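The lines below spell out each chain.
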Number of protein chains: 2
Amino acid sequence: MIVPIKLENTQDISYDILIDKLPKLTFDTKVGIVTNPTVSALHLETLLSKIDAPKVHVITVPDGEEYKTLETVENILNELFEHKFDRKSLLIAFGGGVIGDMTGFTASLYQRGIDFIQVPTTLLSQVDASVGGKTGVNNKYGKNLIGAFYQPKAVYINPEFLETLPPREFAAGVAEIVKMAVMFDAEFFNFLGNADFHDEAVLKEMIRRSVELKAWVVNQDEKEAGIRAVLNYGHTFGHVIENETNYNTYLHGEAVAIGMVMANALAVELGLFEQEEADRVKRLLESASLPVSYEIKNVDAFYDHFFLDKKSAKGSIKFILPEGMGNHKIVNDIDEMIVKKVLKHFGADQ
Amino acid sequence: MIVPIKLENTQDISYDILIDKLPKLTFDTKVGIVTNPTVSALHLETLLSKIDAPKVHVITVPDGEEYKTLETVENILNELFEHKFDRKSLLIAFGGGVIGDMTGFTASLYQRGIDFIQVPTTLLSQVDASVGGKTGVNNKYGKNLIGAFYQPKAVYINPEFLETLPPREFAAGVAEIVKMAVMFDAEFFNFLGNADFHDEAVLKEMIRRSVELKAWVVNQDEKEAGIRAVLNYGHTFGHVIENETNYNTYLHGEAVAIGMVMANALAVELGLFEQEEADRVKRLLESASLPVSYEIKNVDAFYDHFFLDKKSAKGSIKFILPEGMGNHKIVNDIDEMIVKKVLKHFGADQ
């Protein structure tokens, strides 16, 4: 199935996302595949067997978020110059979100921009990173602080690559799918409630609907001024959890799952969400083997941490909350007491 | 006077170029001024006296093309992070083309893009770098090979800054102005032929018309696929001259001046340009104290050098030639013998 992406409001950009087995890919230009050793060992042969191009060069970068740096991007750029890539050459991002973000960023920089396509191999990157055009790297000051908005020419999502994905990483991708459903589409949430995530047709539909919803959001707000903030549902809490646990306990999607449970509790407290709805979300996350609880040791410290998030303007926090299933509300200036009251439920004696 | 810039074909971008004394600049955000010691010593006080902002931070980078690197950009980025610049902060490029290119590039990268404005202090950067959105840095493989297309929010061109510009640098800027006239506007060429370049009203008009013409070109071709190539008139020859003289003999604009004389000779040979027209261009360049001759020691080596230019597709050279005054023609595949015949006129016994 094909999901057409059109960013017509801010720029005249359109490309297709194909959700299917990898088709034959024919290019009349030099092609650079950027990947890591893990993905390469499992799937590079499959990708190479599908590519027909005058010259294919594989660039392998170390696996892991800690290598998502300007230095790695510079190494990729140098390799492209060494191999005389020109303005018509093309890059393929072959891996998860880290590879996608760095490859897109590299493509944006090389001779002020060459084409790239995404072949994401994790569920998270398939549903999340393949739409939106956010590319970039981390530095010592934080995540994704250096980068560019740059769109791929096409995205090929092959659900078969997910068969080798570790279960925790698969679940982390499901968390982002649940996020889209709770924020934007009650019917999709119902579908997920009854779905066997490992059935191929179901999986494709899950990916399709997530991608479609994200494209709809991004199209309204490519540069993250308004509705795109809704994609941060669960993230305000999740970022604090990730930070408190030194980024070594939870995968991002797992922290977001817990964060959604917390956001829902706050929404219930404010009368925006029924307790029964919050329970349904929690059950769905649990059924996907996602964590749904976290012991907040110090409520005041947890609260103060919100203000360190780069997305929060100083002195105010925007909470992204569900307002009934499938609807969202951005709420500013919730009374500190109310937030802390909710956080206390996640304290030691929850 | 104000020149409105509208890039409506490829993106919905518009900004104004003010050609006048620097006005009062009021911002409600943190402002970072990127400059070099030379410009800073001469004019920083003037700029600072015009800025009203909650916080102004000056970032000084070393003066010179050799510092136009990714490393310098990373240093600027780090300084912005150290000083807690946020997504609403703004950069001001205060200097010549090197400062403008690096500041725009840095702005494009910081948190995936913050606003920047240009306050160019050389004639070349006033007429050339302030329109077009080309930003970036050099690396060991060549010039401007890493970068982004990124547009400023405004450009303030103050001709008074040119009073302290070394005469050779002033002349180098005039070369680019002559280029625009020969390629696009015979009337403007006539105006330049009778102009006192140091009269302030004349100078403003020269800058205005150049900027307007460049904006017209860029608007048709933001990403350099077609007509924008015409801006390389004189550059095909000029790049070879710069390279043969190790970039330490001629300023870029000076090499372009000689390159235009060579291109004109080729155009005359092909019957596109009258000898009398070529002579008029040469006289104008001479009157601006620009070099108009260059001794080609080895015609074959000079010719082969064309193919090393990154803008030439392998095996073919596009020559940008005048076709009568004020008109341009892009000519492919001129017979090697004809080109070499023209080059021989610039040989040792010219």
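Worth saying up front: this structure is predicted, and the values here are computed from it rather than measured. (Residues numbered from 1 in each chain as written. Chains lettered and ligands numbered in written order. Predicted model: local features only at pLDDT ≥ 70, side-chain atom pairs only at ≥ 80, totals over all residues. Heavy atoms only, no water.)

Trainee: An account of the overall build of chain A is requested, with residue identities and associated values reported.
Mentor: Helix and strand counts for chain A stand at 12 helices and 13 strands. The globule rule puts the C-alpha radius of gyration for 350 residues at 20 Å, and the 20 Å found for chain A is close to it. Overall size of chain A, expressed as C-alpha extent along the three principal axes, is 60 × 40 × 40 Å. When burial is assessed residue by residue, chain A has 58% of its 350 residues classed as buried. Long-range contacts, defined here as pairs at least 24 residues apart, represent 74% of the contacts in chain A between residues at least 6 apart. Measuring between centres, the 35 positive side-chain charges of chain A sit 5 Å from its 50 negative side-chain charges. (Helix = DSSP H or I, 4+ residues; strand = E, 2+ residues; numbered from the N terminus. Rg over C-alpha atoms; globule rule 2.2 N^0.38 Å. Buried < 20%, exposed > 50% of the residue type's maximum accessible area, 1.4 Å probe, protein only. Contact = heavy atoms within 4.5 Å. Lys, Arg positive; Asp, Glu negative; His and termini not counted. Charge placed at Lys NZ, Arg CZ, Asp CG, Glu CD.)

Trainee: So what about the environment of valine 58 of chain A? Which residues, and what values?
Mentor: Residues and elements named next belong to chain A. With respect to the secondary-structure elements, valine 58 resides in strand β6 (residues 55-60). Its relative accessible area of 26% is what places valine 58 among the partly exposed residues. Contacts of valine 58, omitting those with residues within four sequence positions, involve Ile33, Thr35, Leu44, Leu48 and Glu79.

Trainee: Requested: an account of the relation of the copies chain A and chain B, with residues and values cited.
Mentor: The operation relating chain A to chain B is a screw motion whose rotation component is 180 degrees, with 0.0 Å of axial translation and a residual RMSD of 0.0 Å. Such a turn and shift between the copies fits a two-fold axis. Looking at the interface residues of chain A, 100% of them are also at the interface in chain B, so both copies use one shared face. (Least-squares fit on C-alpha atoms with pLDDT ≥ 70 in both.)

Trainee: How would you summarise the UniProt feature "domain: 3-dehydroquinate synthase N-terminal" (unreviewed entry) in chain A if you had to cite specific residues and measurements?
Mentor: With numbering aligned to this structure, UniProt lists the feature "domain: 3-dehydroquinate synthase N-terminal" (unreviewed entry) at residues 59-171 of chain A. Summarising residues 59-171 of chain A: 34% helix, 28% strand, and an end-to-end C-alpha distance of 29 Å. (UniProt positions renumbered as here; feature names shortened; annotations may be inferred.)

Trainee: An account of the pattern of salt bridges is requested, with residue identities and associated values reported.
Mentor: This structure, assessed with the given rule, holds 30 salt bridges over all chains. As a salt-bridge pair, arginine 209 of chain B and aspartate 185 of chain B come within 2.7 Å of each other at their nearest N and O atoms. Here aspartate 185 of chain B lies in the loop between α5 (167-184) and α6 (186-193) and arginine 209 of chain B lies in helix α7 (residues 200-220), a separation of 24 residues in the sequence. Judged by relative accessible area, aspartate 185 of chain B falls into the buried class, the value being 12%. When salt bridges that share partners are traced, they join Asp185, Glu205, Arg208, Arg209 and Glu212 of chain A into one network. (Salt bridge = Lys/Arg side-chain N within 4 Å of Asp/Glu carboxyl O.)

Trainee: Give a detailed account of unusual backbone geometry, specifying residues and quantitative values.
Mentor: One non-glycine residue, arginine 112 of chain A, adopts positive backbone phi at about 65 degrees. Along the chain, arginine 112 of chain A falls in the loop between α3 (97-109) and β8 (115-120). Phi is positive for aspartate 333 of chain B, which is not a glycine, with a value near 55 degrees. Note that aspartate 333 of chain B resides in the loop between β13 (328-332) and α12 (336-344).

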